[in-house]
Structure formats: structure tokens, C-alpha cells
Amino acid sequence: MGRFHEVYRRSMADPTAFWAEAAEDVAWTRRWDQVVDDSRPPFSRWFVGGETNTCYNAIDRHVEAGRGEQPALIHDSPVTGTVATYTYREMQERIARFAGALRGLGVGYGDRVILYMPMIPEALVAMLATVRIGAVHSVVFGGFAAKELATRIDDATPKVIVSASCGVEGQRVLAYKPLLDRAIELAAHKPQHCVIKQRPQVEAELAPGRDVLWEDAEAAAPPAGCVPVKATDPAYILYTSGTTGQPKGVVRPTGGHLVALKWSMKNIYDVDPGDVYWAASDVGWVVGHSYIVYAPLFHGCTTVLYEGKPVGTPDAGAFWRVIADHKVKVMFTAPTAIRAIKKEDPDGKLLAKYDMSNFKAQFLAGERCDPDTLKWCQDKLKVPTVDHWWQTETGWPIVSNCLGIEELPYKPGSPTHPVPGWDVQVLAPDGSAVKPNEIGAISIKLPLPPGALSTLWNNDDRFVTSYMTEYPGFYQTGDAGVIDDDGYLHVMTRTDDIINVAGHRLSTGGMEEVLANHPDVAECAVIGVADALKGQVPLGFLVLKDGVNKPHEQIVAEVVTMVRERIGPVAAFKVATVVQRLPKTRSGKILRRTMQKIADGQDVAAPATIDDPAILGEIAQSLQTVGYPQKG
Ligand code: COA
Ligand code: AMP
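Given the structure is predicted, the values throughout are model-derived calculations rather than measurements. (Residues numbered from 1 in each chain as written. Chains lettered and ligands numbered in written order. Predicted model: local features only at pLDDT ≥ 70, side-chain atom pairs only at ≥ 80, totals over all residues. Heavy atoms only, no water.)

A. Structural context of the environment of Arg172. In this fold, Arg172 is placed in strand E10 (residues 172-175). For the pair Arg172 and Val79, spaced 93 residues apart in sequence, the C-alpha separation works out to 8.9 Å. Filtering out sequence-adjacent residues up to four positions away, Arg172 remains in contact with Gly167 and Arg564. (Helix = DSSP H or I, 4+ residues; strand = E, 2+ residues; numbered from the N terminus. Contact = heavy atoms within 4.5 Å.)

Here it is, written out as C-alpha cells:
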């Protein structure tokens, strides 16, 4: 048995011993009494009785161990023309001061702080300052609209919201503060204070009494130390799309998060303390939480915070420039970013300008990695390109080639083998395990390893019904796929109405809720259609109410604006078409998958349950008017 399989076997045979050993790598203020308490399934609690602090493990312990002068963070911002480096000691000072500022604004143990931030160092400072004082952060991605932010404010009920005057998206400056003000207006819950970082590009107007300038808040406060919390206390809440417009508040438990993320840095990514690690994502996503902020800092690495795009800031060589300038050893991005680069620089000519000698591995996740993208990376970058599969809920990779244990052979289209700790099984509808190579629901046998979600915020019931009910004893990933004869997983499709747009997970159900609110729309459906750059993009079908005689283009333009205003530009909802009726089963279920196949140009047989097969021809015609199936 090779080394990888031996480690995997150990993690399955005795998870308690395996994770207790990994937990030795974390600094605890009180050791745990029990490695895992599984007495109330499906809720499992790791490191029960243990106490620790996330910020201490990310920052202070490294200063105490002599890494104070090592860069902790490099902020590389081509959109503002700045690069700034902060050592572990500088981060400690800034975080302690901002933690004191939060405390001065009334934030304490267990309180929530929402962050609505662009990719600036203050985003990391605010996250780490929150966990430093035992509070719980919830970062909301800047591409979400005011309404989405309002939903999260009402669910997390924060005492304080931290934001900035603007974000810079490529060439455009986007004011954040009006969105924040609007969200607070829409929300029933009102935060006591907002802390605003003014950026030079836009000056935000402050609401007297409620809003505080970042600098003033910092200056007024004595620095705060690290407050130990229970291993089972939440470190953060991160909202992710479910199948409805109400997002799910994934709760990340403190102890398991520390243990699993620290373990992943060496074993999966093969980086060591002192190495430079870069995840080109956004702090608003799980990749940003785990691999821009927490894991690299837990491991004593230097992390890169990149405020730019793969292309256009200024060109398709931007990623290679960052790798060369900062001596990045391992980088992580989404396949869509590579597709954007490949489109502009198919031969990788820009690569030749940069010294890539420190670069050792390229990791990809967030969406299915198409074989062309994989091959392009392998050919051009000449380092291992690792497709790995995971989700917001799991917090760290479920299936990956573990470069720090043993590099396994690659198979295009597969993220390789389950990572130690994850008992991945593919199940048939009756709950039995399917045979190798047969498709089924990708499920994970409970208990989930440390670091995975412990519940949904304030909603244990939804946690159980969403993930744990369909196959008792298993967590449902929502993905379908196969495990082949070599034990490799192939992820094929979602089993629900979630689509993946440029590596961002979005709910078509949420978009349908917006379209259905248009006064002229009687019925609607949103599907994800294949897109050469973004993987998938949403496409809407509208059935109008009787008697509506407004031009269809006008109605389409109105619903496009509504989705942008209510969900946000990140939804990339740009195309909709008016149809006479929607294809349905005889029991009235809309046949979204069938419509998706037609839009993607696949062969479609009318399902046996279809009410009226003639509708499929109408749908195909209507799709042609908006350019689907796409050519080439
Ligand atoms: N704040 C405000 N708006 C934002 C935003 C933010 N943080 N991030 C994105 N948006 C806006 C964009 O400006 C764009 O708006 P537009 O419709 O007015 O042009 C819209 O949301 C869609 O953004 P995006 O998905 O980034 O598309 P794009 O066309 O601007 O760029 C890529 C395409 C491929 C370059 C881009 O999607 C990309 O870099 N993807 C990498 C994905 C990634 O990091 N995923 C994280 C998981 S690993
Ligand atoms: P998110 O929670 O936003 O990280 O999205 C998670 C979902 O993205 C997964 O459930 C998959 O559907 C998809 N996904 C992420 N990584 C991969 C991958 N490497 N291959 C295939 N699908 C992926």
C-alpha cells in the first residue's frame, strides 16, 4: 500500500486517534476532554471541552515563536496601483487595536459582526479582530445587492457592521456605502454601529451617531487580547445559496476549523511555514475564508490578498506577475479564471515574461474543471495542476490529490481520491451504495471530519432536512457523480437547482422568486446554461399574464434589472425569453433539466411524464431567438 492509502486507511479506521494527533499542531488554552462527541447524530462536536482562540493561532503564536518580522500579508492591488506588505507583528498590532475598537462599540463573546468589504487588508483585520474577542463574523460578498445583505443582517442580527466606502472592480469604482445604507433600511434588525473604512476613490457619507470612521474607532480603543472560546463555539457564519431565496448560514466550529485547516496546508497543498501561498478568490467566499485568511496564517505562511482580475488588470499575465513578484509557491483559483486567461493569451506568451521558478503547484476548485483548462495549465505552467472538490459547507477539500502525502496519478475530469477524514460514498435512490462507475448521489458518511459545518445558524431543523434526511447516516453534498474502479471520484452534476456561475454558487430558485415578482409575469423558470467562460450562466423563461401587451424586450430588460438590484451583479443574469407556456410533468413539475439540455444543444427525448411533448419544440424555437444553443 502506498503512503497515501496508508494515511487514508488510518483516518478511516480510527478517526479519533487521527484527528487527536492533528490537533497537537494547534495551540489550545485548554485541551479537549473528548475528541468527538457523536451522541446526538447528525450533530457531531469535535474537541469537546477544548478551548482556544482562532486569532491567537493565526497571528500571536507566530509572533511569540519568532515569526514577527515575516510578512503575514501582501496586499497586491493592480486596480489601485498599490502593493503593501504587513508582518505578523504589524498585523497583531492592527488586529488588537481593531478588536479593542469593536469591543468599545459593544461587541463581545458570541456577538455577530457582519463585514461587507472589498479586498483590502482591513477585511482580514476585521475578520481576525472579531474572532480575537470571541465574536462571530459573517462576511457578505461585495457583489451581492442590498436586498441580499438585508436578508443576512436579519438572520445574523449583528451588533456592528464593518464596511468600506467602495470596491474597485477592474476599471470601475463601486460605492458600497449606499448599498449598505439601503440594506439597513430594508432589514428589520438594525445594527448599533457601522465602522467605515474610507478609501481614497470615494468618500462615504456617515450617519451621525451610528457610523464611525475606521481610523477613529481604532484610535479611541485600547488593544484587546485573545479571548479563549470553546472548540464548539462558532468562529464564523458564511451564507451560501440554497434552493430558495433564503440563503443558508453555514456555521463553522472553532476547534475543528483550526485543526482541519492547519492539517490541510502541509498534507494537501504541501506548503511549509514561511512559504508564500495565494488563493485568488474573494474574502466573501469560502475559498477566501479558508485559503486567503485562515489556513495560510494558521500555518505561518505569507498570504497574498489580490485586488484585481485574471485579465484586464492590466492583462492576462497578471496572475503570473503576482506569482513572480511575491515568489508564490502554491496558488489556488477557479477554472473560470484560467479560461479567461486562456482566451486572451492562448499560447501563454505572457508567461515567458515572468520568473516562475518558485511556483510549485496550481490548485483549482469552485466548479467542474474541464479537461481543456486542465491541459492548458499542465502544458503551460509545467507544475502539478490539482483539481480539487469541496463546498462552503465542508470548509476544506473533500477530494483532492494530497501533494504533501503522496502525489497520485492524475485523471482528467476527476479531482482524484477522497482526502483522509472523508468517507465518500455514491448512493442509489434506495440508499444502497452503487457499483463502481455507476452514477448516484455523492454522500459522506457521518460523522463529518473536523472543520465541516456544525449546523445552520439558528436553524438546526433546516440543517437536518437539507443535508441529513435523504440518506440517514450520510451528509448529502448535492452533487452527483461516480467513483471509478481506482476509487477516484468524478463529479458530474448538481442534484438540485443550484448553478455555478464563474465559480460562484447561485440559486436558480432565488432568481425565480425575483422574476415572479414582476407584475406582468404569470410563471417563470430559470436554468443554468453552458457558457464557455463562466461555466454556466442563468437564463430565464417568462410566461406573461393574459392581456399583457408591453413589448417583450421591455419586460426582459426589467427583469434583468430586478435580478441585478435584488440579488446583485454577481448573478450575471442577462438573458431571458418570453414563452407561451413551460414544459411540465403531468403532476405540474417544471422540466428544468429538459430545457437545460435543449439550451445546451444536447439530444433530448421527451420525458415519459411530460404533459405535452409539443412544448419542447416551442422552447427550442424561443431559445434560438436568444442565441441558444451557442455555436462552437
Ligand atoms: N463587488 C461588486 N461587484 C462585483 C464584485 C464585488 N466584489 N465581484 C464581481 N462583481 C460584479 C462584476 O463587476 C460583474 O458586474 P457587471 O455585470 O456589471 O460586469 C458581475 O459582478 C459578475 O462578476 P464576475 O463573475 O467576476 O464576472 P466578470 O465578467 O467581471 O469576470 C472572470 C469574469 C472570469 C474574470 C471572473 O469571474 C473571475 O475572476 N472569476 C474567478 C472566480 C473566483 O475567484 N471564484 C471564487 C471561487 S474560487
Ligand atoms: P461552493 O459552496 O460555492 O464552494 O460551491 C460548491 C459546489 O461547487 C460543489 O458542490 C460543486 O457543485 C461545485 N464544485 C466545487 N469544486 C468543484 C470541482 N473541483 N469539481 C466539480 N464541481 C465543483
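B. Broad picture of the site of ligand 1. If you check the shell around ligand 1, you find 25 residues, and the closest are Glu169, Arg172, Lys309, Lys534 and Arg564. At 2.8 Å, a side-chain N or O of Arg172 approaches an oxygen atom of ligand 1. Measuring from a nitrogen atom of ligand 1, one finds a side-chain N or O atom of Tyr176 at 3.2 Å. The protein chains hide 85% of the 940 Å² of surface that ligand 1 would expose on its own. In this structure, the shell around ligand 1 is formed jointly by two domains, domain 1 (89-227) and domain 2 (500-625), each of which donates at least three residues. (Near = heavy atom within 4 Å. Polar contact = N/O pair within 3.5 Å; in protein donor to acceptor, adjacent residues only side chain to side chain. Areas by Shrake-Rupley, 256 points an atom, 1.4 Å probe, with all protein chains shown as cover. Domains from an automatic or database assignment.)

C. Examining the packing of aromatic side chains more closely. In total, this model carries 34 aromatic pairs according to the counting rule given. The interplanar angle of 90 degrees and the centroid separation of 6.0 Å between the aromatic rings of Phe141 and Phe144 together place this pair among those described as edge-to-face. For the ring pair Phe141 and Trp285, a centre distance of 4.4 Å and an interplane angle of 35 degrees mean the geometry is tilted. Taken together, the residues span a long stretch of sequence, with Phe141 in the loop between strand E7 (136-139) and helix H6 (146-156) and Trp285 in the loop between strand E16 (276-279) and helix H10 (286-298) at a distance of 144 residues. Assessed through its relative accessible area of 12%, Phe141 is described here as buried. Assessed through its relative accessible area of 16%, Trp285 is described here as buried. Taken together, the ring pairs connect Tyr269, Tyr277, Tyr291, Phe332, Phe363 and Trp390 into an aromatic cluster. A cation over an aromatic ring shows up here: Lys411 above the ring of Tyr488, its NZ or CZ 4.7 Å from the ring centre. (Phe/Tyr/Trp six-rings, centres within 6.5 Å; stacked < 30°, edge-to-face > 60°. Buried < 20%, exposed > 50% of the residue type's maximum accessible area, 1.4 Å probe, protein only. Lys NZ or Arg CZ within 6 Å of the ring centre and 35° of its normal.)

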